[in-house]
Amino acid sequence: MAFTTTPLLDLAYEETGAPDGVPVVLLHGFPYDVRCYDEVAARLTGTRVLVPYLRGFGGTRFRSADTPRSGQQAALAQDLLDFLDALAIERAVVAGYDWGGRAACIAAALWPSRIRGLVSVDGYNVQHLASAAEPTRPEWERTYWYQYYFHSERGRRGLERNRDELCELLWRTWSPTWAGAASAFRASAPSLHNPDFVDVVIHSYRHRFGLAAGDPRHDELEELIAAEPPITVPTVVLEGDADGIGGPSAAEDREHFTGPYEHRVLPGVGHNAPQEAPAEFAEAVLAVLRSSA
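Given the structure is predicted, the values throughout are model-derived calculations rather than measurements.

Criteria and thresholds
All chains use their own residue numbering, which begins from 1 and follows the written sequence. Only residues with pLDDT of 70 or above have their local features reported here, since the model is predicted, and side-chain atom pairs are shown and tallied only from 80 upward, although totals for entire chains, interfaces and linings are computed over all residues. No hydrogens and no water enter the side-chain calculation; it runs on all heavy atoms of the structure. Take a side-chain nitrogen of Lys or Arg and a carboxyl oxygen of Asp or Glu: if they are within 4 Å of each other, that pair is a salt bridge. Under the scheme used here, helices are H or I runs from DSSP no shorter than 4 residues and strands are E runs no shorter than 2 residues, and both carry numbers assigned from the N terminus. Per-residue accessibility, obtained with a 1.4 Å probe over protein chains only, is compared with the maximum for each type, and a residue is labelled buried under 20%, exposed over 50%, and partly exposed between these values. An expected span of 1.5 Å times one less than the residue number is assigned to each helix. Only rings of Phe, Tyr and Trp enter the pairing, Trp through its six-membered ring, and a pair is recorded when the two centres are within 6.5 Å. The plane angle decides the type: under 30 degrees is stacked, over 60 is edge-to-face, the rest tilted. We call a crossover right-handed when, viewed with both strands directed away from the observer, the connection leading from the first strand over the helix to the second proceeds clockwise. Interaxial angle, 0 to 180 degrees, is taken between N-to-C directions of lines fitted to C-alpha atoms, where a helix line uses only the stretch in contact. Note on terminology: angles under 35 degrees are roughly parallel, angles over 145 are roughly antiparallel, angles of 65 to 115 are roughly perpendicular, and the others are oblique. Throughout, a residue-residue contact means that at least one pair of heavy atoms, one from each residue, lies within 4.5 Å. Ten residues, namely Ala, Val, Leu, Ile, Met, Phe, Trp, Tyr, Cys and Pro, are considered nonpolar, four, namely Asp, Glu, Lys and Arg, are considered charged, and the remaining ones, Gly among them, are considered polar.

Undergrad: Sorry, what's going on with the pattern of salt bridges here?
TA: Under the defined criterion, the tally for this structure stands at 15 salt bridges. Between Glu153 and Arg156 there is a salt bridge; the shortest N-O distance is 3.6 Å. Here Glu153 pairs with Arg156, and both are found in helix 6 (residues 153-161), just 3 residues apart, close to one helical turn. A cluster of three or more residues bridged by salt bridges with shared partners is formed by Glu153, Arg156, Asp199 and Arg206.

Undergrad: Sorry, what's going on with unusual backbone geometry here?
TA: The phi angle of most residues is negative, glycine excepted, and most peptide bonds adopt the trans form. Residue Phe30 is joined to Pro31 through a cis peptide bond whose omega torsion reads -5°. Assignment of secondary structure puts Pro31 in the loop between strand 3 (23-27) and helix 1 (38-43). Its identity is not glycine, yet Ala88 carries a phi of approximately 55°, on the positive side. Assignment of secondary structure puts Ala88 in the loop between helix 2 (73-86) and strand 6 (92-96). In this structure, Glu228 takes a positive phi of about 50° despite not being glycine. Residue position: Glu228 is located in the loop between helix 10 (219-226) and strand 8 (235-240). A relative accessible area of 30% means that Glu228 is categorised as partly exposed.

Undergrad: What is the right way to read helix 2 from this model?
TA: Since one α-helical turn is 3.6 residues long, residues separated by three or four positions face the same way. The end-to-end C-alpha distance of helix 2 is 20 Å, a good match for the 20 Å that 14 residues give at a rise of 1.5 Å each. Buried within helix 2 we find Gln73, Ala74, Ala75, Leu76, Ala77, Asp79, Leu80, Leu81, Asp82, Phe83 and Leu84. One or two steps after helix 2, the chain reaches Ala88, where phi turns positive at roughly 55°.

Undergrad: It is not clear to me how the packing of aromatic side chains should be interpreted in this structure. Could you clarify?
TA: Two measures describe an aromatic ring pair: the distance that separates the ring centres and the angle between the ring planes. By the definition in use, this model includes 26 aromatic pairs. Taken together, a centroid distance of 6.3 Å and an interplanar angle of 70° make the contact between Tyr37 and Tyr97 edge-to-face. Here the residue Tyr37 occupies a position in the loop between strand 3 and helix 1, and Tyr97 occupies one in the loop between strand 6 and helix 3 (98-110), the gap between them amounting to 60 residues. Given the relative accessible area of 1%, Tyr37 is considered buried.

Undergrad: Mind showing me how you'd approach the pairing of strand 3 here?
TA: Residues in a regular strand project their side chains so that they alternate between the two faces of the sheet. Summarising burial for strand 3: 5 of the 5 residues are buried, a large majority. Residues Pro23, Val25 and Leu27 point to one face of strand 3 and Val24 and Leu26 to the other, with burial holding for every one of them. Crossover strand 3 to strand 4 (residues 48-52) through helix 1 is right-handed.

Undergrad: Can you help me understand the packing of helix 6 against helix 7 (residues 163-174) in this one?
TA: A pair of packed helices is characterised by two quantities: the angle between their axes and the separation of those axes. Two numbers describe how helix 6 lies on helix 7: the axes approach to 5 Å, and their chain directions differ by 100°. In this view, helix 6 runs roughly perpendicular relative to helix 7, as classed from their interaxial angle. Seen from helix 6, the contacting residues are Gly158, Leu159, Glu160 and Arg161; seen from helix 7, they are Arg163, Leu166 and Cys167. Residue composition of the contact of helix 6 with helix 7, grouped by class: 3 nonpolar, 1 polar and 3 charged.

Right under this line is the structure:
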């Protein structure tokens, strides 16, 4: 584990591969951590692989007690840009899913000069906050129970007191065909005991529904995101057809990608695409590298 300092964070990350290779930043989601990319990173030979712990996870810490423990999408995207700046990386391929995919998509849309290419699980993974109150299909809504749970103080206390049991349940139900989900969870569970984990998670799921104010320092960035800017960089979108949360929606987002684009379906794969299908995930990263050379 290494550390770098950004304006808000002492940011923990792991680095493997060739120090002089093309930088590839792999971004995990909730409630996962960097272990989801171990097998992916091993396949990205010749590249410089960087896997940061998101705010609220693992060894990453806020530098000031006064900084709001925001989990909003703008904060995650700004953290990614700050990470690149801290390591003096001019351009990188970024790849991610869930929260990490959201940060990667926003960075690719807003700062294309810094992003060489993108791998995104589930398409244009950007929250449209203005429509957050609109319902979706009932069969999808029932899978979002944890989000509504976190809107209440009962949910906050549940996450505080039962975080391992609750998060392992999410791993298993979001990846219903992955027999190794419960055992793999044990390697990532320590990262969920970061002192800011609960605050960041609760804020994330309240902010996206308009139930909590954002950090004012990110207001301008949220306005840019609200315009749903297109992604122009070379992109491979991955979508597992056995994802236990929501439903297939990547095809509906095609209009947001105006550069080179490929959509790949992962048969029998759930929500944790890099850990369930590391060979396919790594090949998507290499495909983006080839197309952006």
